[in-house]
Structure formats: structure tokens, C-alpha cells
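# Breakdown of the fold
Below are the chains, spelled out letter by letter.
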Amino acid sequence: MNKKYIIFDFDGTLVNTNNIIIASWQATFEHYLGYPLTVREIEATFGEILVNTIGRLIPDAPVNEVVDFYRAYQDSHQQDYEVYVFDGVRELLEQLRERGCIIGVGTSRTAYSFWNYMKKLGIDGCVDEVVTMNDVTSHKPDPETIEAVLIKMMAHENGQHTTDNAVPDSVREAALMIGDTKYDIGCANNAGVDSVMVGWSHYVDEEAMLAEGYKPTYNIEKPGQLLEII
């Protein structure tokens, strides 16, 4: 087996939360700017932490207030927008487990909202280790998210926690990051880990991503194609 430590992003990779995210941003932009942004403009922010998006696109607004507005809208309108596990993902997770892979998630979502969705969708038992935005100080595309989840995955494999925060080259070589945004690919590039860009979620401006220096190792259109890589 070439790849053993399989790390997924959450939004747009495992689960389709696109519509509720877009609606939440549109409501936020309408409230603070007085006009909406295009869907493509919002999709370009996918994977970026809220405070950074707000700082770029609503620079004159109080950041914490805007974060609270955005999250309150999303929490109160979840029932209005379908959130679901992408077709083929449940089966993929089962097959990875059968092959002896360790399954991790590295997400820029808060721990509360991540586990809320995971439990609602019934996939909370399908992953071994998770790192959320609450677990790191530097966010994607910084490598900290991948390095933090790899440390957890190594401890999971060995059955014991470790105080050694070094990730061996052999583990990086056996790791794979799967995501839907330039932030996921950049995180993998910066961590020295192979990456997979998924094509089942939303539009991605790959030329712009490449111009920023981020390049996926692989591209796939269906979840099952990941098995061919590992």
C-alpha cells in the first residue's frame, strides 16, 4: 500500500454544504455591504477561515460581529438547505477502512459545527482522527492542520499519545490530502504531502490556484477513483 494516512477536508469534499454556505454569505453581504456577491466570488472563498474572508471583503465591519451574524444565519437556516454526504463517499470511507487505512479530517470549520453535521449525517463513526480550526493557530494553506492530524493519526496507529510533534518523512510520503479548494492543496504542498483535488463539488479556478503556486498531485471526478491512487 502506497498511501495509508488519508486526510479529508470536510465541506465540499465529504459533505455538500455549498448551498447553506452561499446563502449565509449572501445574507451577510446584503446586511453589511447592501448587495450580494456572485456565486463564483463566494466559491472562491471556500476553504478560507471566516475572519480572513471578512477582512478582505467587508473590511470596514467589526469582524466578530460579522462572524456571529454569519454563524447565526447558518444555524437558523440549516433546515432550509439540503446538506448531504456526496454520492460514493460513505462507500469510499468503508473501503478505506477495509484496506487498513487510517482516516483523518482536517477542516477549517469549528469543532461544534463539524461534529453537529457529522452526527446528523450519521458519519461520525467513519473517521479516526480530526483536527478543526479550534486545534490550530495557523490555518490552511499553512501546513499546521495536516501536521496536527498526522500526529494524531500516528498516535491512533500506535495506540498511545506522544509528546513528539515531529512527523517523519515516511509518514508524509504515506499521507494523502483530499480537498476541494486551493487552501487544501496549498496546505498539502506546504506540508510535503501528496494531494487530490476533487471535481464533484463546485467550480475551482485551477489557473488561479496554479498562479499562486499550489498544484494538486492528482485530480479525481468520483470518490471511487481515490482507491486507484492509494
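Going by the structure above, here's the rest.
Notes on the structure in this doc start here. (Residues numbered from 1 in each chain as written. Predicted model: local features only at pLDDT ≥ 70, side-chain atom pairs only at ≥ 80, totals over all residues. Heavy atoms only, no water.)

## A word on the overall build of the protein
A tally of helices and strands in the protein yields 11 helices and 8 strands. Relative to the compact-globule value of 17 Å for 230 residues, the protein shows a C-alpha radius of gyration of 17 Å, a close match. In terms of overall dimensions, the protein has C-alpha extents of about 55 × 35 × 30 Å along its principal axes. By residue count, 52% of the 230 residues in the protein fall in the buried class. A separation threshold of at least 6 residues defines the contact pool for the protein, and within that pool the share at least 24 residues apart is 67%. Total accessible area on the protein is roughly 10,800 Å²; 46% of this is exposed by carbon and sulfur atoms. When the 17 basic and 36 acidic side-chain charges of the protein are each reduced to a single mean position, those positions are 4 Å apart. (Helix = DSSP H or I, 4+ residues; strand = E, 2+ residues; numbered from the N terminus. Rg over C-alpha atoms; globule rule 2.2 N^0.38 Å. Buried < 20%, exposed > 50% of the residue type's maximum accessible area, 1.4 Å probe, protein only. Contact = heavy atoms within 4.5 Å. Areas by Shrake-Rupley, 256 points an atom, 1.4 Å probe, with all protein chains shown as cover. Lys, Arg positive; Asp, Glu negative; His and termini not counted. Charge placed at Lys NZ, Arg CZ, Asp CG, Glu CD.)

## Section: helix 7 (residues 144–158)
Between the first and last C-alpha of helix 7 there are 21 Å, a value that for 15 residues agrees with the 21 Å anticipated at 1.5 Å per step. Within helix 7 the residues assigned to the buried category are Thr145, Ile146, Val149, Leu150, Ile151, Met153, Met154 and Ala155. Where helix 7 is buried, its residues touch strand 1 (5–8), strand 4 (102–106), strand 5 (129–131), helix 8 (169–173), strand 6 (175–179) and helix 9 (182–191). Phi turns positive one or two residues past the end of helix 7, at Gly159, with a value near 75°. (Expected span 1.5 Å × (residues − 1).)

## Some points on the packing of helix 3 (residues 50–57) against helix 4 (residues 63–76)
Axis separation between helix 3 and helix 4 bottoms out at 10 Å; the angle between their running directions is 115°. Considering only the axes of helix 3 and helix 4, their crossing is right-handed. Contact with helix 3, carried on its side by Leu50, Val51 and Ile54, involves Val63, Val66, Val67, Tyr70 and Arg71 of helix 4 and no other residues of that element. When its residues are assigned to classes, the contact of helix 3 with helix 4 shows 7 nonpolar, no polar and 1 charged. (Axes fitted to C-alpha atoms, helices over the stretch in contact; angles between N-to-C directions. Left-handed = near helix turned anticlockwise from the far one by under 90°. Nonpolar A, V, L, I, M, F, W, Y, C, P; charged D, E, K, R; others polar.)

## Some remarks on the packing of aromatic side chains
The relation between two aromatic rings is expressed through the spacing of the ring centres and the mutual angle of the planes. Here the structure, examined in full by the defined rule, presents 7 aromatic pairs. Ring geometry for Trp25 against Phe29: centres 5.3 Å apart, planes inclined by 15°, an arrangement best described as stacked. With Trp25 and Phe29 both in helix 1 (residues 18–32) and 4 residues apart, the pair spans about one turn of that helix. Relative to Phe69, the ring of Tyr32 has its centre 5.6 Å away and its plane inclined at 85°; by these criteria the two rings are edge-to-face. Of this pair, Tyr32 sits in helix 1 while Phe69 sits in helix 4, and the two are 37 residues apart along the sequence. Classification of Tyr32 as partly exposed rests on a relative accessible area of 21%. Taken together, the ring pairs connect Phe10, Phe114, Trp115 and Tyr117 into an aromatic cluster. Over the ring of Tyr203 we find Arg40; its NZ or CZ atom is 3.7 Å from the centre of that ring. (Phe/Tyr/Trp six-rings, centres within 6.5 Å; stacked < 30°, edge-to-face > 60°. Lys NZ or Arg CZ within 6 Å of the ring centre and 35° of its normal.)

## Topic: the sheet that holds strand 4
Strand order in the open sheet formed by 6 strands is 5-4-1-6-7-8, with parallel pairing between adjacent strands. Single-partner strands in this sheet number two, and they are strand 5 and strand 8 (218–220). Sheet twist, expressed as the mean angle between neighbouring strand axes with direction ignored, is 25°. Bridging between strand 1 and strand 4 involves 4 bridges; their strand directions are parallel. Its bridge partner lying in strand 4, Ile6 is registered against Ile103. Running over the sheet, helix 7 touches strand 1, strand 4, strand 5 and strand 6 and is turned about 160° from strand 5. (Pairing = 2+ DSSP bridges.)

Read these as spatial facts, not as claims about activity.
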